[in-house]
Amino acid sequence: MTTAFTQATYLAAAVAFILSLKWLSRPPTARRGLLVGEIGMALAIVGTLVHREIISYEWILVGMVAGTAVGLPLAVFMPMTHVPQRTAVSHAFGALAAALVGTAEYYLRPGELGTFTMTVLSLEVILGYLTFSGSLMAFGKLQDLVPSRPVVYRGQNVTNLALLFGVLLIIPIGGADMPTVIALLNSYAGLSAAMMGFVLDNKLLIVAGALDGSSGFILSVIMCRAMNRSFANVLFGGFGQVPVSAAAVEPRSVRSASPEEAAEILGASSAVVVVPGYGMAVAQAQHKVRELYDALTKRGVEVRFAIHPVAGRMPGHMNVLLAEADIPYDRLVEMEEINPDFPRTDVVLVIGANDVVNPAARHDPASPIHGMPILDVDQARTVMVIKRSMAPGFAGIENEIFYLDKTMMLFGDAKTFVGEIVKELASARGAA
Ligand code: NDP
């Protein structure tokens, strides 16, 4: 039984979580959403700590100190580019906690559990362990510890259907589908927590778990739509091994250009679309990109940013980075909206993006990303690509864009290269 105080804090926490989700869904209110979510979590912890069934606080204290000792440095020192991996790890441990609580309840209350409790407890434990191992695999793929290409094996679908091991569930998922899977694992972790709420008769856990489970599920549906995939396709497809295409083997030449040449063409254009990708995040080039935006806008060039739903390594990754650099939000255009504009665009400047602009998704049925909607940058008059080498992106495949006659490869680190273009634009203006 919970005290009136605990119940009141739980109720307030549940309201805070709902408001937090509502506010987090829009960039202008996202900070407020985060704060309210944190307050909700603090209330939930306080309400739980005064629970009168707690006999001793020693182990709780040990857990809190150990958790803080790991969590705090992780939050402070972890680079932004590692947020997806970190999220995968938090899903893993959250789910493990739910599964362990379920296991402990089973052994603590032998013979006492009715059919309903046993059913939800089983679901909690299955989803918990599945999410734990699955999220660890997702972490491994994002951290490049496990190959991000799909690893397929005989009898794969039968094993997955048995839902025995998250490891076996995640291994066959190809790079480009990881965003959907991460959202789905998020949903499983939430559902497991909701089940734990039923087992422990804790209403706040039910509410918070249900919110987490359903929002994760909605996000997976959104990501599936954005990737033009069905759930069954993501989970059971595997997409075969990444084929080594003939084009990949044949040596082909590319046209590289200097910051000076790039600046000259950009400065003389009237419509430029910037396509940011994971490389912009790695280089932390967003502030230099803002300077470039300012320099071009001052010259009367119309600059917009094309946002692909899975660019980077987490949903909304590019929106967050560009907002951090104070790029006006109305300059960010979604994929479906900007795609028809590419034929009228003078220059597309691709900054550290690769898979999300790969035309193989449109026409190569053998490609592991076939069917995924992409930004049709190849239809622009000139394409500039800033990257350090000819290395592939997350899905590990060649990109024919680099070899087009209209493409200029701008080899270098995104932050440095964009900075040099800005300098060139400034000196050209000074000389004029
Ligand atoms: P990609 O991973 O396809 O490509 C990134 C490119 O950036 C690479 O080709 C790399 O080339 C370049 N790069 C890396 N570092 C730098 C640097 N310092 N300066 C300049 N360039 C750099 O990125 P995209 O954003 O196009 O696509 C995202 C991919 O990640 C998709 O496959 C997506 O499915 C997957 N994914 C997305 C998630 C999400 O939620 N958004 C989650 C998990 C996976 P080089 O090494 O030559 O510099």
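Right, let's walk through the structure included here. (Residues numbered from 1 in each chain as written. Predicted model: local features only at pLDDT ≥ 70, side-chain atom pairs only at ≥ 80, totals over all residues. Heavy atoms only, no water.)

Along the protein chain, the regular secondary structure elements total 18 helices and six strands. Sequence separation of at least 24 residues holds for 75% of the intrachain contacts in the protein chain that already meet a minimum separation of 6. Of the accessible surface of the protein chain, which amounts to about 21,000 Å², a share of 64% is contributed by carbon and sulfur atoms. (Helix = DSSP H or I, 4+ residues; strand = E, 2+ residues; numbered from the N terminus. Contact = heavy atoms within 4.5 Å. Areas by Shrake-Rupley, 256 points an atom, 1.4 Å probe, with all protein chains shown as cover.)

Attention now moves to the packing of aromatic side chains. A complete count under the given rule lists four aromatic pairs for this structure. Relative to Tyr107, the ring of Tyr106 lies with its centre 5.2 Å away and its plane at 85 degrees, an arrangement referred to as edge-to-face. Taking 6.0 Å as the distance between ring centres and 45 degrees as the angle between the ring planes, the aromatic pair formed by Tyr293 and Phe305 counts as tilted. One end of the pair, Tyr293, is in helix α14 (residues 286-298); the other, Phe305, is in strand β2 (residues 302-307), and twelve residues separate them in sequence. As far as burial versus exposure is concerned, Tyr293 and Phe305 are alike and both buried. Positioned above the aromatic ring of Tyr403 is the side chain of Arg252, whose terminal nitrogen or guanidinium carbon lies 3.8 Å from the ring centre. Of note, Arg313 hangs over the ring of Tyr278, and the distance from its end group to the ring centre comes to 3.6 Å. (Phe/Tyr/Trp six-rings, centres within 6.5 Å; stacked < 30°, edge-to-face > 60°. Buried < 20%, exposed > 50% of the residue type's maximum accessible area, 1.4 Å probe, protein only. Lys NZ or Arg CZ within 6 Å of the ring centre and 35° of its normal.)

Further remarks concern the site of the ligand. Not every one of the 31 residues close to the ligand is listed here, only the nearest: Gly312, Asn354, Asp355, Arg388 and Ser389. One of the side-chain nitrogen or oxygen atoms of Arg313 is found 2.9 Å away from an oxygen atom of the ligand. Within the side chain of Asp355, one N or O atom sits 2.6 Å away from an oxygen atom of the ligand. When the ligand sits alone it has 930 Å² of accessible area, and the protein chains cover 97% of it. Of the residues belonging to the shell around the ligand, the class tally is 17 nonpolar, nine polar and five charged. (Near = heavy atom within 4 Å. Polar contact = N/O pair within 3.5 Å; in protein donor to acceptor, adjacent residues only side chain to side chain. Nonpolar A, V, L, I, M, F, W, Y, C, P; charged D, E, K, R; others polar.)

What sets the pattern is the α-helix's 3.6 residues per turn: residues three or four places apart point alike. Here α14 is 13 residues long and its end C-alpha atoms lie 18 Å apart, about the 18 Å a rise of 1.5 Å per residue gives. Residue Gly300 follows α14 closely and has a positive phi angle near 90 degrees. (Expected span 1.5 Å × (residues − 1).)

Now for the pattern of salt bridges. In the structure shown here, the tally under the stated rule is twelve salt bridges. Arg362 is the partner of Asp378 in a salt bridge, and the nearest nitrogen-oxygen pair spans 2.5 Å. Separated by 16 residues along the polypeptide, Asp378 in the loop between α17 (360-363) and β5 (382-387) and Arg362 in helix α17 bring together distant segments of the chain. Taking the relative accessible area as the measure of exposure, Asp378 reaches 16% and is therefore buried. Residue Arg362 is classed as partly exposed on the basis of its relative accessible area, which comes to 37%. When salt bridges that share partners are traced, they join Glu302, Arg304, Asp341 and Arg344 into one network. (Salt bridge = Lys/Arg side-chain N within 4 Å of Asp/Glu carboxyl O.)

Before going further, it helps to spend a moment on the side chain of Ser269. Residue placement: Ser269 occurs in the loop between α12 (259-267) and β1 (271-276). Looking at Ser269, the relative accessible area reads 9%, which means it is buried. Among the polar contacts made by the side chain of Ser269, one reaches the main-chain carbonyl oxygen of Ile265 at a distance of 2.7 Å. Polar contacts involving the side chain of Ser269 include one to the main-chain carbonyl oxygen of Leu266, which spans 3.0 Å. Residues contacting Ser269, with those up to four places away along its chain left out, are Val301, Asp346 and Val347.

With respect to the element layout, Asn358 can be found in the loop between β4 (347-351) and α17. A polar atom in the side chain of Asn358 sits 2.8 Å from the backbone oxygen of Glu398. Apart from the residues within four sequence positions on either side, Asn358 is in contact with Ile369, Ile374, Ile397, Glu398, Asn399 and Glu400.

Let's shift gears to the packing of helix α5 (residues 115-142) against helix α8 (residues 178-200). With their axes 8 Å apart at the nearest point, α5 and α8 run at an angle of 150 degrees to one another. When the axis of α5 is compared with that of α8, the two are roughly antiparallel. In this structure, the crossing between α5 and α8 has a hand that is left-handed. Residues belonging to the contact of α5 with α8 are distributed by class as follows: 18 nonpolar, six polar and two charged. (Axes fitted to C-alpha atoms, helices over the stretch in contact; angles between N-to-C directions. Parallel < 35°, antiparallel > 145°, perpendicular 65-115°, else oblique. Left-handed = near helix turned anticlockwise from the far one by under 90°.)

With that settled, consider the packing of helix α1 (residues 4-24) against helix α2 (residues 30-49). The contact between α1 and α2 brings their axes to 8 Å, and the two run at 160 degrees. Judged by the angle between their axes, α1 and α2 are roughly antiparallel. Crossing of α1 over α2 shows left-handed handedness. Classifying every residue of the contact of α1 with α2 by side-chain character gives 16 nonpolar, eight polar and one charged.

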